[in-house]
Amino acid sequence: MKLVKKMAALGLAAVMALSLVACGSSQKEETTEAGNSSAGGTITFGTNAEFPPFEYVGGSGVIGEFDGIDMAIAKKIAEDNGKTAAINNMEFDSLLLALQNGQVDAVIAGMTITDERKEAVDFSVPYYKATQVMIVKEDSDIQKASDMADKKIVVVQGYTGETCVQDLGYKYEAFKKGSETILELMNGKCDVVVIDSATAEKYVADNEGLKIVEDPDAFAAEEYGIAVKKGNTELLNQINESINKMLSDGTISTISADYLDADTTSDDGSSTDAE
């Protein structure tokens, strides 16, 4: 009887051990699916769909409801690697944290490659060059960055425009969305918006009475990259290979031209938001 009980106990222990191994394996697969390119057939990109023409919510986007230059690039990257692209839309300031926590595999959001960000994540090769510009009303007397010194400046929180204004030493107010900054300007509640050049072009095209002021001496060129979790070399290599291919064959240039010339207004006729 003791021997039977002992064998039964050993058998139960073995079953429990196998169950624990199985559970551990299943749990590991669940946590790596959004943080490791080798799991599953989907690459989940984090973005902030408030930044036309790079990412915005459209009636029929290229990835679900999401449309824009970055969305088209993300879809092509996934296709080049035999996978599908999925989008996790969130606030811009939450993107890198979501990447580090494994909520997304990569971040594509018109994100400027900076030394500070490179300490937290790995970046792809650059896929787009841009600069910061000022959006003002057509009758504004702002002609260069130094003219903003005594003006009310607004920026988008977390974007390069905020960093540039900080570096200039000027006071400013930050908003979550680009559309909110433009609304402040249109309503006369601020004097100038500092934002990325391509997005500025779309806002000026969609809103009468606005113009762009450039100052190359104050705002240096910047490069956009796709971020992945530190050490995820497998996915980074896949992304880089696809980007290099799209750069060499002109795909990114074609995508950019198509969206820069396109109307990015939403279904209700209003201008889409921008980061």
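Above this note sits the structure.
Engineer: Sorry if this is basic, but what is going on with helix α2 (residues 69-80) here?
Structural biologist: Owing to its 3.6 residues per turn, the α-helix brings residues three or four apart onto one side. Taking 1.5 Å of rise per residue, the 12 residues of α2 would be expected to cover 16 Å, and the 17 Å separating its terminal C-alpha atoms lies within 8% of that figure. Turning to α2, its buried residues are Ile69, Asp70, Met71, Ala72, Ile73, Ala74, Ile77 and Ala78. Of the surrounding secondary structure, the elements contacted by the buried residues of α2 are β1 (42-47), β3 (55-57), β4 (66-67), β5 (84-89), α8 (233-248) and α9 (251-261). Of the residues flanking the end of α2, it is Gly82, one or two places downstream, whose phi is positive at about 70°.

Engineer: I would appreciate a short explanation of the side chain of Thr160 in the present structure.
Structural biologist: Looking at the secondary structure, you find Thr160 in helix α5 (residues 160-168). With relative accessibility at 17%, the residue Thr160 sits in the buried group. Aside from chain neighbours lying at most four places away, what touches Thr160 is Thr112, Gln132 and Glu222.

Engineer: Just checking my understanding: could you explain the sheet that holds strand β6 (residues 106-107) for this structure?
Structural biologist: Backbone-to-backbone hydrogen bonds pair the strands of a sheet. The strands run either parallel or antiparallel. The sheet built from five strands is open, its strands ordered β5-β1-β6-β15-β7 with mixed pairing. What marks the edges here is a single partner per strand, and that holds for β5 and β7 (121-123). Summarising the sheet, β1 and β5 pair through six bridges and their orientation is parallel. Residue Phe45 lies in a different strand from β5, and its bridge partner there is Ile87. Relative to β5, α2 is tilted by about 140°, and along the sheet it contacts β1 and β5. In this fold α8 packs onto β1, β6, β7 and β15 (227-229), with an angle of close to 160° to the strand it touches most, β15.

Engineer: How should I be thinking about the sheet that holds strand β10 (residues 153-156) in this particular structure?
Structural biologist: Pairing within the open sheet is mixed, and its five strands lie in the order β11-β10-β12-β9-β13. Each edge of the sheet is formed by a strand with only one pairing partner; in this case those strands are β11 (173-175) and β13 (210-213). The sheet shows a mean angle of 30° between the axes of neighbouring strands, taken without regard to direction. Looking at chain direction, strand β9 (residues 132-137) and β13 are connected through four bridges and run antiparallel. Bridge pairing links Met134 to Val213 in β13. Packed on one face of the sheet, helix α7 (residues 197-206) meets β9, β12 (192-196) and β13 and runs near 125° to β12.

Engineer: Would you mind going over the nonpolar core with me for this structure?
Structural biologist: Across soluble globular proteins, nonpolar side chains show a tendency to be buried alongside one another. Counting 61 residues, the largest nonpolar core has Phe45, Ile73, Tyr127 and Ile135 as its most contacted members. At seven residues, α2 tops the list of elements feeding residues into this core. Once residues lying within four places of it in the same chain are set aside, the contact partners of Ile73 are Ile108, Tyr127, Met246, Ile252 and Ile255. By size, the runner-up hydrophobic cluster in this structure holds 14 residues, among which are Met134, Val155, Val165 and Val213.

Engineer: I tried to follow the packing of α2 against α8 on my own but got confused; where do I start?
Structural biologist: Packed helices, taken two at a time, are described by their axes: the angle between them and the distance between them. Following both chains from N to C, one finds α2 and α8 inclined at 115°, their axes separated by 9 Å at the closest point. Crossing of α2 over α8 shows right-handed handedness. Only Ile239, Ser242, Ile243, Lys245 and Met246 of α8 make contact with α2, whose side of the interface consists of Ile73, Lys76, Ile77 and Asp80. Looking at the contact of α2 with α8 residue by residue, the class counts come to five nonpolar, one polar and three charged.

Cut-offs and rules
- Residues numbered from 1 in each chain as written.
- Predicted model: local features only at pLDDT ≥ 70, side-chain atom pairs only at ≥ 80, totals over all residues.
- Heavy atoms only, no water.
- Helix = DSSP H or I, 4+ residues; strand = E, 2+ residues; numbered from the N terminus.
- Expected span 1.5 Å × (residues − 1).
- Buried < 20%, exposed > 50% of the residue type's maximum accessible area, 1.4 Å probe, protein only.
- Contact = heavy atoms within 4.5 Å.
- Pairing = 2+ DSSP bridges.
- Axes fitted to C-alpha atoms, helices over the stretch in contact; angles between N-to-C directions.
- Core = buried A, V, L, I, M, F, W, Y, C linked by side-chain atoms within 4.5 Å.
- Left-handed = near helix turned anticlockwise from the far one by under 90°.
- Nonpolar A, V, L, I, M, F, W, Y, C, P; charged D, E, K, R; others polar.

Geometric values such as these leave the question of function open.
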